[in-house]
Amino acid sequence: MAASTPSRSIEDLLRAGTAHLSEFEDAAFDAEFLLRGVSGLSRAEVLAHGDRPMPADVVTRFDDAIERRRRHEPMQYILGVASFWRDDFVVNPAVLIPRTETEILVEAVATRLRDHAAPTVLDLGTGSGCIVLSLLRELPRANAVAVDLSHEALAVASENAARLNLSNRIALKPSCWYSGLDSDQTFDAIVSNPPYVAVTDKKTLPRDVREYEPALALFADEDDDISSYRAIVHEMGNRLRSAGLLALEVGMGQSDRVADLLRAAGFVQVEALPDFASIQRVVLGRRA
């Protein structure tokens, strides 16, 4: 009788995973994160029970996850989920991975709409839906419309809305900015994290980003890195109600130009908010 394959403990897997990811600065963290993701174990369980043998199916999934990570695939795509604000969101390569700095946009909008009786929100380029769905969670009387050019992205947003029991409070529509909306739809707030990376900066992005995340959601027009903001402002018409809020995430070095764009269009109370690295990350304005 052939000898059975020796079991592999949590410690064995973490040691091997860390070794295979040695080129990564946070190899040990990545290995632990992936093991917790494929096993369902908490960090406390991983740390307290290193000698626990793992089932064969977990070992197989972990080995596969490590191999994918070696190719620089983002861990959120490997596991199919990303944490944002107060929830976990389904993600895949059709949508950007939610970033911590985008939570500043959510917090700013939620704070400014908190006392509104029943605000309506439009999310332009919704992707996974993480911004608008987080706002609906914070604002229980709010309703929303979310649009995206990508049907695949809208499918992800729809799944996330269903997971969070918010499908009855959001309408998801395929649209290039406002083109797919009903002619009479207006909103108390318009939010967006649009494409803002210059194409010429593609080579400077981490490999995880430039090779895996959707170019449609990343890159602005080749000769104008704030082209998305120009379209959002210039094509708005009367979509935003009087005193309505426009809230935009921006890239490094773009806040002044985007703020000037809003002021030129007649917005008032224009301000920029920094992220945790003191980069001006969110530009806000009120329609006069």
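Preceding this section is the structure that the text describes.
Residues numbered from 1 in each chain as written. Predicted model: local features only at pLDDT ≥ 70, side-chain atom pairs only at ≥ 80, totals over all residues. Heavy atoms only, no water.

Visitor: I'd like a rundown of the overall build of the protein chain, residues and numbers included.
Guide: A count of helical and extended segments in the protein chain gives 12 helices and nine strands. By principal-axis analysis of the C-alpha atoms, the protein chain measures approximately 80 × 40 × 30 Å. Here the protein chain holds 288 residues, and 51% of them are scored as buried. Within the protein chain, contacts between residues separated by at least 24 positions form 65% of all contacts whose residues are at least 6 apart in sequence. Working note: accessible area of the protein chain is about 14,000 Å², and carbon and sulfur atoms make up 49% of it. (Helix = DSSP H or I, 4+ residues; strand = E, 2+ residues; numbered from the N terminus. Buried < 20%, exposed > 50% of the residue type's maximum accessible area, 1.4 Å probe, protein only. Contact = heavy atoms within 4.5 Å. Areas by Shrake-Rupley, 256 points an atom, 1.4 Å probe, with all protein chains shown as cover.)

Visitor: Could you give an account of the pattern of salt bridges, with specific residues and numbers?
Guide: Here the structure, examined in full by the defined rule, presents 23 salt bridges. Between arginine 70 and glutamate 67 there is a salt bridge, with the nearest N and O atoms lying 3.6 Å from each other. With arginine 70 and glutamate 67 both in helix α4 (residues 56–70) and three residues apart, the pair spans about one turn of that helix. Among the ionic pairs, glutamate 138 bridges to arginine 86, the shortest N-O distance being 2.5 Å. Residue glutamate 138 is located in helix α7 (residues 130–138), and its partner arginine 86 is located in the loop between β1 (81–84) and β2 (87–90); the two are separated by 52 residues in the primary sequence. Judged by relative accessible area, which is 14%, glutamate 138 ranks as buried. Accessibility expressed as a relative area gives 57% for arginine 86, which makes it exposed. A single network of salt bridges, built from pairs that share partners, joins Asp30, Arg69 and Asp208. (Salt bridge = Lys/Arg side-chain N within 4 Å of Asp/Glu carboxyl O.)

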